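Here are the chains, one letter per residue:
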Amino acid sequence: MKLNSYLMFNGQCEAAFKFYERCLNGKITDMMTYAQSPDPSMIAQMPSEWRDQIMHVALMIDDQELMGSDNPPGYTEEPKGFSVSIGLDNPSEAERIFHALAENGAIRMPLQQTFWAYRFGMLVDQFGIPWMINCDQAA
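Here is what the cut-offs are and how they apply
- Residues numbered from 1 in each chain as written.
- Predicted model: local features only at pLDDT ≥ 70, side-chain atom pairs only at ≥ 80, totals over all residues.
- Heavy atoms only, no water.
- Helix = DSSP H or I, 4+ residues; strand = E, 2+ residues; numbered from the N terminus.
- Contact = heavy atoms within 4.5 Å.
- Axes fitted to C-alpha atoms, helices over the stretch in contact; angles between N-to-C directions.
- Parallel < 35°, antiparallel > 145°, perpendicular 65-115°, else oblique.
- Left-handed = near helix turned anticlockwise from the far one by under 90°.
- Nonpolar A, V, L, I, M, F, W, Y, C, P; charged D, E, K, R; others polar.
- Phe/Tyr/Trp six-rings, centres within 6.5 Å; stacked < 30°, edge-to-face > 60°.
- Buried < 20%, exposed > 50% of the residue type's maximum accessible area, 1.4 Å probe, protein only.
- Lys NZ or Arg CZ within 6 Å of the ring centre and 35° of its normal.
- Pairing = 2+ DSSP bridges.

A.B. asks: Describe the side chain of Q53, with residues and values.
C.D. replies: Summarising the element assignment, Q53 is placed in the loop between α2 (40–45) and β3 (54–61). Not counting residues within four places of it along the chain, the set of residues in contact with Q53 comprises G11, M32, T33, Y34 and D70.

Encoded structure:
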């Protein structure tokens, strides 16, 4: 079994995943708009202004995959009750990722030492996605 996070957006998916690609040193391996769907009925159901939005995107970060899409109009909900958690063992990389993801976002808990981690911090990025960064070892 493999668990993957799948993030849903309201028209900002492409911008978000290009941002994550940069912040997480990943590589977008697949990106398809609704207009590129091989299913003509799906294209026909989409409002014309939504056809260039992202139907599916995949971002590889080492051997982990983060996926997402733009929700069809009327289906978007505010993210709540979860965080995307990143576990690291390199404090300088934890610092870099934390501050990169926090760009134009909101820090909920600064990256700091806790009783369970060498560094831990929480933020909501500029796209409204909550993140937790956890670093278990000191360099």
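A.B. asks: Report on the packing of helix α1 (residues 13–23) against helix α3 (residues 91–102), specifying residues and quantitative values.
C.D. replies: Viewed as axis vectors pointing N to C, α1 and α3 meet at an angle of 160 degrees, and their least axial separation amounts to 9 Å. In terms of their interaxial angle, α1 and α3 are classed as roughly antiparallel. The element α1 and its partner α3 pack so that their crossing is right-handed. Contacts from F19, Y20, R22 and C23 of α1 reach α3 at R96, I97, A100 and L101. Of the residues assigned to the contact of α1 with α3, the class counts are six nonpolar, no polar and two charged.

A.B. asks: I'd like to hear about the packing of aromatic side chains, residue by residue, with values.
C.D. replies: Here the structure, examined in full by the defined rule, presents nine aromatic pairs. Geometrically, the ring pair formed by Y20 and F127 is edge-to-face, given 6.3 Å between the ring centres and 80 degrees between the ring planes. Taken together, the residues Y20 in helix α1 and F127 in the loop between β7 (119–124) and β8 (130–135) connect sequence positions 107 residues apart. Aromatic pair W116 and F120: ring centres 5.1 Å apart, planes at 70 degrees, arrangement edge-to-face. Taking the relative accessible area as the measure of exposure, W116 reaches 42% and is therefore partly exposed. Between R119 and the ring centre of Y118, over which it is positioned, the NZ or CZ distance is 4.4 Å.

A.B. asks: How would you sum up the sheet that holds β3? Please name residues and give values.
C.D. replies: In space, the four strands of this open sheet follow the order β1-β4-β3-β2, with mixed pairing throughout. Of all the strands in the sheet, just β1 (5–9) and β2 (27–33) have a single pairing partner and so form its edges. Shown here is a sheet whose adjacent strand axes are inclined to one another by a mean of 15 degrees, direction ignored. Taken together, the six bridges between β2 and β3 define a ladder with antiparallel strand orientation. Among the inter-strand pairings, I28 is bridged to a residue of β3, identified as L59.

A.B. asks: With reference to specific residues and values, describe the sheet that holds strand β5 (residues 84–88).
C.D. replies: Taken in spatial order, the four strands line up as β5-β8-β7-β6 in an open sheet, and their pairing is mixed. With partners counted over all chains shown, the strands left at the sheet margins are β5 and β6 (106–112), one partner each. In this sheet, neighbouring strand axes are inclined to one another by 10 degrees on average, regardless of whether the strands run parallel or antiparallel. Across six bridges, β7 lies against β8 in antiparallel orientation. Across the sheet, residue G121 finds its bridge partner in β8, namely I133. Lying on the sheet, α3 is in contact with β5, β6, β7 and β8; it crosses β6 at an angle near 170 degrees.

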